[in-house]
Amino acid sequence: MKSPIDGAALRAVMRHVPSPVTVVSFAAADGPRGVTIGSFASVSLDPPLVSFNVSIDSSIHPSLVGAERFAIHILHAGQAELSRHFAQPDLVSSAQFAGIAYREVDGVPVLRDALAVLICRRYAVHPAGDHSLMLGEVETILDPALDALPILYFRQSYRVPGDEVQATTPV
């Protein structure tokens, strides 16, 4: 049964929800690959699981859902260009990583200078409409620069967190 809500309506509402900006990288048959993801979330602490979604129509989908291991890079406020770069849908591996500083950690390409990097093993992949929901079990945490501000995507632009809001007593 078709939903009475269309994707455009949902997208318009979701523009009001800040999203973390991450880049997921992995080793593919044609070399290192990466993609910007805005659907990153923590799922479980025991075992340590995280999730993100990838469009089934994207050219990177088959190799990403087939990757046994991947790195999730939590980007900081100075990395908007890195996010834009990995958001380009049709870049081949050699173009994706040309001029990009990275190293390999246990066979996974890891970008330098991210706020933090989570090295994950694929835990599960679930169909989710026009996307696949990927779950990763966190094996290693690298480079946590916890004093830097993360970059967020909100109302179609990159932002940083603002002032703290104090909760008031419920009425």
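Residues numbered from 1 in each chain as written. Predicted model: local features only at pLDDT ≥ 70, side-chain atom pairs only at ≥ 80, totals over all residues. Heavy atoms only, no water.

Colleague: Go over the overall build of the protein, please, and point to the residues and values.
Modeller: From N to C terminus, the protein includes four helices and twelve strands. On C-alpha atoms alone, the protein measures out to a radius of gyration of 17 Å, which is about the 16 Å that the 2.2 N^0.38 rule sets for 171 residues. Long-range pairs, those at least 24 residues apart, make up 65% of the contacts in the protein with a sequence separation of at least 6. Within the structure as shown, the protein displays about 10,000 Å² of accessible surface, and the carbon and sulfur contribution to it stands at 57%. In the protein, 12 side chains carry a positive charge and 17 a negative one; their mean positions are 6 Å apart. (Helix = DSSP H or I, 4+ residues; strand = E, 2+ residues; numbered from the N terminus. Rg over C-alpha atoms; globule rule 2.2 N^0.38 Å. Contact = heavy atoms within 4.5 Å. Areas by Shrake-Rupley, 256 points an atom, 1.4 Å probe, with all protein chains shown as cover. Lys, Arg positive; Asp, Glu negative; His and termini not counted. Charge placed at Lys NZ, Arg CZ, Asp CG, Glu CD.)

Colleague: Hey, could you go over the environment of F40 for me, with residue numbers and the actual values?
Modeller: Structurally, the position occupied by F40 is in the loop between β3 (31–37) and β4 (41–45). Among the residues examined, F40 registers a relative accessible area of 17% and is labelled buried. Separated by 105 residues in sequence, F40 and A145 place their C-alpha atoms 18 Å apart. Leaving out residues up to four positions away in the same chain, F40 has contacts with P20, T22, V50, S51, F52, I72, I74 and L118. (Buried < 20%, exposed > 50% of the residue type's maximum accessible area, 1.4 Å probe, protein only.)

Colleague: Outline the pairing of strand β8 (residues 108–111), supporting the account with residue identities and numerical values.
Modeller: Residues V108 and V110 line one face of β8 and the alternating positions P109 and L111 line the opposite face, and both faces are buried. Sheet topology note: the strand β7 (residues 102–105)/β8 ladder contains four bridges and is antiparallel. Bridged to Y102 within β8 is L111. Where β7 folds back on β8, the antiparallel hairpin that results is connected by two residues, among which D106 adopts a positive phi of roughly 50°. (Pairing = 2+ DSSP bridges.)

Colleague: Summarise the environment of R33; cite the residues concerned and give the values.
Modeller: Note on placement: R33 falls in strand β3. Counting along the chain gives 58 residues from R33 to L91, while the straight-line C-alpha distance between them is 9.2 Å. If we ignore the near neighbours within four places in the chain, the residues touching R33 are V24, S25, F26, A28, I60, L91, V92, S93, Q96, F97 and P109. Among the polar contacts made by the side chain of R33, one reaches the side chain of D30 at a distance of 3.5 Å. (Polar contact = N/O pair within 3.5 Å; in protein donor to acceptor, adjacent residues only side chain to side chain.)

Colleague: Quick one: what's the story with the environment of S58, residue by residue and with numbers?
Modeller: With respect to the element layout, S58 can be found in the loop between β5 (48–55) and α2 (61–66). Given the relative accessible area of 24%, S58 is considered partly exposed. In this structure, the C-alpha to C-alpha distance between S58 and V24, residues 34 residues apart in sequence, is 14 Å. Here the side chain of S58 touches S55 through a polar contact of 2.8 Å, landing on its backbone oxygen.

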